[in-house]
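Okay, here's what each chain looks like letter by letter:
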Amino acid sequence: MVNLIGTYECKADAKGRLMVPSALKKQLAPMLQDGFVLKRSVFQPCLELYPMQEWNVLMQKINGLNRFKKKNNDFIRKFQAGVKMVEVDSNGRLLIPKDLVGFAGINKEIVLSSAVNIIEIWDKDKYENTIDETSDDFAELAEEVMGNDDLDAIS
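Given the structure is predicted, the values throughout are model-derived calculations rather than measurements. (Residues numbered from 1 in each chain as written. Predicted model: local features only at pLDDT ≥ 70, side-chain atom pairs only at ≥ 80, totals over all residues. Heavy atoms only, no water.)

A. Structural view of helix H3 (residues 70–80). All buried positions along H3 are accounted for by Asn-72, Ile-76 and Phe-79. The arc that holds the buried residues of H3, viewed along the axis, is 70°, so those residues lie on one side. Exposed and facing more than 90 degrees away from the buried side of H3 are Lys-70, Lys-71, Arg-77 and Lys-78. Tucked inside the fold, the buried residues of H3 contact strand E3 (36–40) and helix H2 (52–63). (Buried < 20%, exposed > 50% of the residue type's maximum accessible area, 1.4 Å probe, protein only. Helix = DSSP H or I, 4+ residues; strand = E, 2+ residues; numbered from the N terminus. Arc of directions from axis to C-beta. Contact = heavy atoms within 4.5 Å.)

B. Layout of the side chain of Ser-113. Among the secondary structure elements, Ser-113 is positioned in strand E7 (residues 109–115). The exposure class of Ser-113 is buried, given its relative accessible area of 7%. Setting aside anything within four residues of it in sequence, one finds Ser-113 in contact with Gly-6, Thr-7, Ile-118, Ile-119, Glu-120 and Tyr-127.

C. Structural detail: a negative patch on the surface. A cluster of acidic residues, Asp-136, Asp-137, Glu-140, Glu-143 and Glu-144, forms a negative patch at the surface. Checked against the element boundaries, Glu-143 lands in helix H6 (residues 138–146). (Patch = residues over 30% accessible without salt bridge, like charges linked within 9 Å, V, L, I, M, F, W, Y side chains within 5 Å. Areas by Shrake-Rupley, 256 points an atom, 1.4 Å probe, with all protein chains shown as cover. Salt bridge = Lys/Arg side-chain N within 4 Å of Asp/Glu carboxyl O. Lys, Arg positive; Asp, Glu negative; His and termini not counted. Charge placed at Lys NZ, Arg CZ, Asp CG, Glu CD.)

D. Region of interest: the UniProt feature "domain: SpoVT-AbrB" (unreviewed entry) in the chain. Here the UniProt feature "domain: SpoVT-AbrB" (unreviewed entry) sits at residues 7–54 and 83–126. Helix makes up 21% of residues 7–54 and strand 38%, with an end-to-end C-alpha separation of 19 Å. Across residues 83–126, the secondary structure splits into 23% helix and 43% strand, with the terminal C-alpha atoms separated by 21 Å. (UniProt positions renumbered as here; feature names shortened; annotations may be inferred.)

E. Fine view of empty space enclosed by the protein. Enumeration over the complete set of coordinates arrives at one cavity of 30 Å³ or more. Within this model, the largest cavity holds a volume of roughly 50 Å³. Grouping the constituent residues of the lining of the largest cavity by class yields nine nonpolar, no polar and no charged. (1 Å grid on protein atoms, 1.4 Å probe; cavity = no way out; pocket = protein on both sides within 12 Å on 5 of 7 lines; lining within 4 Å. Points joined across faces, edges and corners; volume = space filled by probe spheres on them. Nonpolar A, V, L, I, M, F, W, Y, C, P; charged D, E, K, R; others polar.)

This is the structure in C-alpha cells:
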C-alpha cells in the first residue's frame, strides 16, 4: 500500500497541465512507469489521482459487485464517469483533461493534497473553503472516526 505525504500548491497552465512538485514526484517515482487514473471525487468538488496499483485494488472490489442489481450498475456507471488514464510526462507535468478541470472548477491555482494512498487535486480556493468549513467540527470528527478502540472501524 502507498502512503503519500504532503500538501502542495502549484499552478496549471492554459492547457490544464500542472508541474508535479519535486517532493511529491519523488514519492510517486516508483509508480511513474505504471501511470495513474484520474477521476471525479464522490464526496468533494475535487479530483482523485490513483496510482495504477491502488486503482487495480479498488477495481477488484468493484468487480465483485453483482451487476444484476440495478443499484450496483448505477453506482459503477457514476463511479466510472469521467475516469481517465494519465501519465506524468518527461518534463514532470500532469495533464488534467478539460472535462475534469470543469468538474473540479480548477482555475490557475491548484492544491495537491495527499489522502493516504491517493492525491486529491483541488482548485486552491475550493480547498481552502472546504478546510475552513470543516475545521470547527474536526475534533468531533477525529474522535468519532479515530477514537474507537476497535481498529476495524476505520478500515
